[in-house]
Amino acid sequence: MSRLIRALKAQDGFSDSEKEIAGFLLENYRSIAAMSTRQLAQLTYTSASTIVRFTKRMGFEGYTEFKVRFLTEMMEYVNENRQDDTFTNKDTVRILMEKVACMERSAIKETHMHLEPVLVVKAVKEIIEAEHVDFYATDDNVQIANLAAVNLSMADKGYTLPMSISQMYLTSSRESRRHVGFVISRTGENRMLIDVAKNLKAHGGRFILITGTPDSTLGRMADVVLPVVTASTLEELWTRVFWIGSQYVIDVIFAALLSRKGFKAVGERERWLRSHFHY
């Protein structure tokens, strides 16, 4: 770990304002490149002069010099830690606990950074305007589709979740413009789902895609692409990383749907369920 990153993490002798700046920089390093002192000051509830003083305290002539060094060293630090987060047969239980916690935090944080609000708005618009949502997923991704389906039912939206490829083909062949598809594919290259997507498009359908690879065959076909962070190897628990990021995206969509429908109405429904059904 570089001296600069170590100092920002330790925050030894920092004032409250400096701690706020350091914490923001470490949490939002991907957004810093195009950020001015004024913008950084607004986001950290400080002032431009405080930002300049902070960079000088860290040993730099000004904000620009500090930003270049910080971004360079931060990317090196992130890459090093990614390598350290892979799982090995030498890991103790405590190390595994730390790595899993780090993996889950990173999955949500990086998905959050790549998920543009405008994409969520578009996805929510597609769902609201549709009378019915058809889910398309295979293997482990069916669990993600199940989670999303339950959320939609709480938001008064009907759904279909085909459990076989033949059912998917039949569902995607409907000549209904009142349905919207919801496809989940980590690679965006699942051959069966590509065929289903082609079938949807051939019948005038639209679909939302959750994927770890936006620049993929399915990504280029989708009407709305919701990107999710993923990992490349089994040692990095790639299926879990994608699952966690997807769950975050679904929760965001669910919250957006509830904000349109009204949280009070959903709360009343949950109270009714608890009073009538006991398990």
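Let us look at the structure shown here. None of these values were measured; they are calculated from a predicted model.

Cut-offs used in this document
Residues numbered from 1 in each chain as written. Predicted model: local features only at pLDDT ≥ 70, side-chain atom pairs only at ≥ 80, totals over all residues. Heavy atoms only, no water. Helix = DSSP H or I, 4+ residues; strand = E, 2+ residues; numbered from the N terminus. Buried < 20%, exposed > 50% of the residue type's maximum accessible area, 1.4 Å probe, protein only. Areas by Shrake-Rupley, 256 points an atom, 1.4 Å probe, with all protein chains shown as cover. Axes fitted to C-alpha atoms, helices over the stretch in contact; angles between N-to-C directions. Parallel < 35°, antiparallel > 145°, perpendicular 65-115°, else oblique. Left-handed = near helix turned anticlockwise from the far one by under 90°. Contact = heavy atoms within 4.5 Å. Nonpolar A, V, L, I, M, F, W, Y, C, P; charged D, E, K, R; others polar. Polar contact = N/O pair within 3.5 Å; in protein donor to acceptor, adjacent residues only side chain to side chain. Pairing = 2+ DSSP bridges.

**Examining the overall build of the protein chain**
- Scanning the protein chain for helices and strands turns up 13 helices and 5 strands.
- Burial analysis of the protein chain (279 residues in total) assigns 42% to the buried set.
- For the protein chain, the accessible surface area stands at approximately 15,600 Å², while carbon and sulfur atoms represent 53% of it.

**Looking at the packing of helix α9 (residues 165-172) against helix α10 (residues 191-202)**
- Interhelical geometry of α9 versus α10 gives an angle of 20 degrees and a closest axis separation of 8 Å. Here α10 runs roughly parallel to α9, going by the angle between their axes. Helix-helix and strand crossings are classified by hand; for α9 and α10 the assignment is right-handed. Along the contact surface, α9 presents Ile-165, Met-168, Tyr-169 and Ser-172, while α10 presents Met-192, Leu-193, Asp-195, Val-196, Asn-199 and Leu-200.
- Of the residues belonging to the contact of α9 with α10, the class tally is 7 nonpolar, 2 polar and 1 charged.

**What about the side chain of Glu-18?**
- Within the secondary structure layout, Glu-18 lies in helix α2 (residues 16-27).
- A distance of 2.9 Å separates a polar side-chain atom of Glu-18 from the backbone nitrogen of Ser-15.
- The residues contacting Glu-18, other than those within four sequence positions of it, are Gly-13, Phe-54 and Arg-57.

**A look at the pairing of strand β5 (residues 224-227)**
- Residue alternation in β5 divides its side chains into two sets, Val-224 and Leu-226 and Val-225 and Pro-227, and both sets are buried.
- As paired strands, strand β4 (residues 207-211) and β5 are joined by 4 bridges and run parallel to one another. What sits directly across from Ile-210, in β5, is Leu-226.

Honestly, that's just the spatial picture; any functional story needs more than this.
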